[in-house]
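Take a look at the letters that make up each chain.
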Amino acid sequence: MQVPTGPLLRNTALEPFANHFFTTASLRLREDEQEWHEVARVAGVPTDRLLLLHQVHGRAVAVASSGSTGQWSRPEADAAVTDDPSVALVVRVADCAPILLADITTGAVAAVHAGWRSTMHRIVGAAVTTMRTAFGTNPADLVAAIGPSLGVCCGEMGEEVVEAFRDAGHDHAALEAWFVRQPGRRPHFDLWRANRDQLEQAGVPRSTIHVSGLCTRTHPDIFHSFRAAGPDAGRMAAVIRANR
Ligand SMILES: [Zn+2]
């Protein structure tokens, strides 16, 4: 039986350098195995070549080097990098930011799952560092796409989250930029800005960082949102595969 994927999103700036897509609400990606076959079909790999992670809101980055991906056993990590075009990297999200990276020189790619906790842990910078170490990536050669996720419009957080960022060593300027304050409202976290800033700090040119600007909570008819639907929310996949 064919399961239609429904609408998929692609970033036109990233497309020449890596096969990739972001799924939408038409796939739930929970227990339905058939849906994963459909994701693999679109990615152009067998289903057992979709490399998923055991996502834990941490800072670990898994490396899937060419030749080693036969041993993949869903590591505990929130980002993965590879230079192997025979596999597709996958992160699953519902409000957390999916971030896809491609190196225009080496062809290496990365997929990152950045919720507020992993953003606090600087996960996207860790992914760039791992690409440098594993594949010799120059950060100036990276194109980045930040997919649909919780926008600052819906990013209400408690003060304890701001404190956690402070404790993690983020400076006053970063906290001012990332937590938007208006009178009478709790701070609102700008997940996109925080990750864009961290990519820039890692050496990725601002001009090659692309933010979809689509808030999952604001558009529950199009996207899955944990904040909108709770623990039963479906998940969206961000998928990337090296094209050479
Ligand atoms: Zn919103």
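## What to know about helix H6 (residues 191-201)
Okay, step 1: A large share of H6 lies buried, amounting to eight of its 11 residues.
Okay, step 2: Among the residues of H6, Leu-191, Trp-192, Ala-194, Asn-195, Arg-196, Asp-197, Gln-198 and Leu-199 are the ones counted as buried.
Okay, step 3: Positive backbone phi, at 105°, marks Gly-203, one or two positions downstream of H6.

## Observations concerning the sheet that holds strand E9 (residues 142-146)
Okay, step 1: Pairing is mixed in the open sheet, where six strands are placed in the order E4-E5-E8-E7-E9-E12. Of all strands in the sheet, those with a lone pairing partner are strand E4 (61-64) and strand E12 (209-211), marking the two edges. Here the average twist between neighbouring strands, direction ignored, is 15°.
Okay, step 2: Lying over the sheet, H6 contacts strand E7 (97-103), strand E8 (109-114), E9 and E12, oriented at roughly 175° with respect to E12.

## Focus on the nonpolar core
Okay, step 1: Within the largest apolar cluster, 71 residues are counted, with the highest numbers of intra-cluster contacts made by Ala-79, Ala-80, Ala-110, Ala-111, Val-112, Ala-127 and Ala-144.
Okay, step 2: Here this core takes seven residues from helix H3 (residues 123-135), the largest share from any one element.
Okay, step 3: Each residue touching Ala-144, except ones within four places of it in the same chain, is listed here: Ile-99, Leu-101, Leu-199, Val-204, Thr-208, Ile-209 and His-210.

Cut-offs used in this document
- All residue numbers refer to position in the chain's written sequence, counted from 1.
- Only residues with pLDDT of at least 70 get local features here, since the model is predicted, and only at 80 or more are side-chain atom pairs given and counted; chain-wide, interface and lining totals rely on the full set of residues.
- For the exposure call, what matters is how many other C-beta atoms sit within 10 Å of a residue's own: 20 or more marks it buried, 12 or fewer exposed, and in between partly exposed, using C-beta atoms placed from the backbone.
- Runs of H or I in DSSP of at least four residues are treated as helices and runs of E of at least two as strands, each being numbered from the N terminus.
- Here the rule is simple: two strands pair whenever DSSP picks up at least two bridges between them.
- Lines are fitted to the C-alpha atoms to define the axes, a helix being fitted only along its stretch in contact, and any angle between axes, read from their N-to-C directions, falls within 0 to 180 degrees.
- Distance between backbone-placed C-beta atoms decides contact: two residues are in contact if it is within 7 Å.
- Joined through C-beta atoms within 7 Å, a set of buried Ala, Val, Leu, Ile, Met, Phe, Trp, Tyr and Cys residues constitutes a nonpolar core.

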